[in-house]
Amino acid sequence: MRSLLPFVALLSSLGCSNPPPAAWASGGAHLVLGDARWEIGEDGVSMSKNGMVSATGTDAFSIDVAGRVYDEDRDPVAVLLPDGVVQGSDDAMLGRVGVTNASPPNGETAWLQVAPDGTVTFFDEDGERRAGGRWTGCDGPVLRTCTFVTHLVALARAARAQRSSVMFGVGVGVYR
C-alpha cells in the first residue's frame, strides 16, 4: 500500500535519530495480537499474531504485547501507554487510542473509529464521516490492537498529506 511507505520512513526517522520513548523499557498497554486484515478499497493491511504489520506483502512495522512499536529494522519508535497516550521518540505525543476510537496528536476528539464488527470510520475536523474499509479478525480483545494499527496508518497518511501540501503567502495553501 502506497500510503504506508511514508510511515516506514516516518518510523525510521523517529527510531534512528532519537531516543526511544521514556516508557519503552517497561512497556505500555497490554495488547492482544492476532491474525487480522484491514481491507481498504483495493489495498489492505495485514497484522499477524507475531505483531508484524504488512501492506501489500511488505513488512511496514511491528508491535508487541506491551504496546511497543518497532520500525522495519526493529528500532523502537513509539509505545501505547496504559492511559491510551501514544508516546513517540523524545516523548512526542502521537495521539490517544482507546478500544474502538483514536484521536490525533493534540486532538480533543476522535478522528477514527473501529466498530466491534470491524467497520472503520474516519471523522473529518467538521465531523463528517468517511468510510474506511473493514477489519476481519479483530474480535474481542484484538479490537484495541486493530484500533492502534489503524491510528498508526492514519498518522502515516496525515504525515504524507502534510508533506505533499505547499504553503505560501498568509493563509493561502495549495494542496495536492
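Check the entry above for the structure.
Rules used in this analysis
Residues numbered from 1 in each chain as written. Predicted model: local features only at pLDDT ≥ 70, side-chain atom pairs only at ≥ 80, totals over all residues. Heavy atoms only, no water. Helix = DSSP H or I, 4+ residues; strand = E, 2+ residues; numbered from the N terminus. Buried < 20%, exposed > 50% of the residue type's maximum accessible area, 1.4 Å probe, protein only. Areas by Shrake-Rupley, 256 points an atom, 1.4 Å probe, with all protein chains shown as cover. Pairing = 2+ DSSP bridges. Axes fitted to C-alpha atoms, helices over the stretch in contact; angles between N-to-C directions. Salt bridge = Lys/Arg side-chain N within 4 Å of Asp/Glu carboxyl O. Disulfide = S-S within 2.5 Å.

Engineer: What exactly am I supposed to notice about the overall build of the protein here?
Structural biologist: Counting its secondary structure elements, the protein contains two helices and 14 strands. Evaluated residue by residue, the protein yields a buried proportion of 49% over its 176 residues. Accessible surface computed for the protein: about 8,800 Å², of which carbon and sulfur atoms make up 53%.

Engineer: What is the right way to read the sheet that holds strand β4 (residues 58-63) from this model?
Structural biologist: Whether parallel or antiparallel, the strands of a sheet pair through hydrogen bonds between backbone atoms. If you walk around this closed barrel you meet the twelve strands as β1-β2-β3-β4-β5-β6-β7-β8-β9-β10-β11-β12, and the pairing is antiparallel. Neighbouring strand axes in the sheet, compared pairwise and without regard to direction, differ in orientation by 20° on average. Relative to strand β7 (residues 85-88), strand β6 (residues 76-80) runs antiparallel, the two sharing three bridges. Residue pairing for β7: Ala78 is matched across the bridge by Gly88.

Engineer: Help me understand the pattern of salt bridges in this model?
Structural biologist: Two side chains carrying opposite charge are able to pair once their charged atoms lie near each other. Tallying each qualifying case throughout the model produces four salt bridges. Note that Asp117 is salt-bridged to Arg134, the shortest N-O span being 4.0 Å. You can see Asp117 sitting in the loop between β10 (112-114) and β11 (119-123) and its partner Arg134 sitting in strand β12 (residues 129-136), a full 17 residues away along the chain. A salt bridge links Asp124 to Arg130; its shortest N-O distance comes to 2.8 Å. Owing to a relative accessible area of 29%, Asp124 belongs among the partly exposed residues under this scheme. For Arg130, a relative accessible area of 42% translates into the label partly exposed.

Engineer: How should I be thinking about the pairing of β6 in this particular structure?
Structural biologist: Note on strand geometry: in a regular strand, side chains alternate between the two faces of the sheet. In terms of burial, β6 is largely enclosed, as five of its five residues are buried. The loop that links strand β5 (residues 68-70) with its antiparallel partner β6 comprises five residues; one of these, Arg74, has a positive phi angle of about 70°. In sequence, β6 turns back onto β7 through a hairpin of four residues, with Gly84 there showing a positive phi of about 95°.

Engineer: What exactly am I supposed to notice about the state of the cysteines here?
Structural biologist: Simply put, the disulfide is a covalent bond whose two ends are the sulfur atoms of two cysteines. Enumeration over the complete set of coordinates arrives at one disulfide. The partner cysteine of Cys138 in its disulfide is Cys146, sulfur to sulfur 1.8 Å. Handedness here is read from the sign of the S-S torsion; for Cys138 and Cys146, about -85°, the answer is left-handed. With respect to burial, Cys138 and Cys146 carry one shared label: buried.

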